[in-house]
Amino acid sequence: MAFSENLKKLPGISHLAAIELRDGEGNLAGIIENKAGSQGSLAVYNHLAQVWGSINIDAAKQGLEVFAEHTVDARSNPGKHANIDRLLAIAENGAETLRVKHVFAVVEDLPA
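Residues numbered from 1 in each chain as written. Predicted model: local features only at pLDDT ≥ 70, side-chain atom pairs only at ≥ 80, totals over all residues. Heavy atoms only, no water.

(A) Region of interest: the packing of helix α2 (residues 39-52) against helix α3 (residues 57-67). It is the contact of α2 with α3, at a shortest axis distance of 10 Å, that shows an interaxial angle of 145°. The handedness of the crossing between α2 and α3 is right-handed. The segment α2 lies against α3, with Ser41, Val44, His47, Leu48, Val51 and Trp52 engaging Asp58, Ala59, Gln62, Gly63, Val66 and Phe67. In the contact of α2 with α3, the residues fall into 7 nonpolar, 4 polar and 1 charged. (Axes fitted to C-alpha atoms, helices over the stretch in contact; angles between N-to-C directions. Helix = DSSP H or I, 4+ residues; strand = E, 2+ residues; numbered from the N terminus. Left-handed = near helix turned anticlockwise from the far one by under 90°. Contact = heavy atoms within 4.5 Å. Nonpolar A, V, L, I, M, F, W, Y, C, P; charged D, E, K, R; others polar.)

(B) Broad picture of the environment of Ser41. If you trace the backbone, Ser41 turns up in helix α2. Look at Ser41 and you get buried, because its relative accessible area is 11%. Sequence separation of Ser41 and Leu7 is 34 residues, and the distance between their C-alpha atoms is 9.4 Å. Not counting residues up to four positions away in its chain, the partners in contact with Ser41 are Ile32, Phe67 and Asn83. (Buried < 20%, exposed > 50% of the residue type's maximum accessible area, 1.4 Å probe, protein only.)

(C) The arrangement of the nonpolar core in detail. Membership of the largest hydrophobic core comes to 28 residues, with the highest contact counts inside it found for Ile19, Leu21, Val44, Tyr45, Ile55 and Leu87. Secondary structure elements with two or more residues in this core: β1 (16-22), α2, α3 and α5 (82-93). Take this core: its biggest share by element is 6 residues, from α2. Every residue in contact with Leu21, bar those within four places of it in the chain, is listed here: Asn27, Leu28, Ala29, Gly30, Ile32, Tyr45, Ile55, Arg86, Leu98, Arg99 and Val100. (Core = buried A, V, L, I, M, F, W, Y, C linked by side-chain atoms within 4.5 Å.)

Below, the structure is given as C-alpha cells:
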C-alpha cells in the first residue's frame, strides 16, 4: 500500500506542535515539527509512539512499512529522508531506542 493510503489510517496530529526524540540519556536526538514537509513523518512517529511507547526495533520496522515507497527511496538515497534513515538505523543496524516527547500545540487566546 502507498504511503498516502497508510497516512489516512493514522491518528490526527493537529494537537501537536512537534515531537522530540530523546536518546537513553535524555539528549535531544531529533525533532519533527508540525509543518509542511514533515507532517507525514510527524504522523508516523506519533502513531509509533502511541502503539510501542518508544521508537524501538519493532516500532522502527512498522514505521518503515508505513513509509512504503519512501522507505525504498531512502535506502537508495541515504540522507534524503532523515526521519526514515533514523528508523533504518534502529531497525537494521541496532541503533539506540529513542524516547518520544510530545510537544503540544498551544491555542492562542481569542480576542474578546
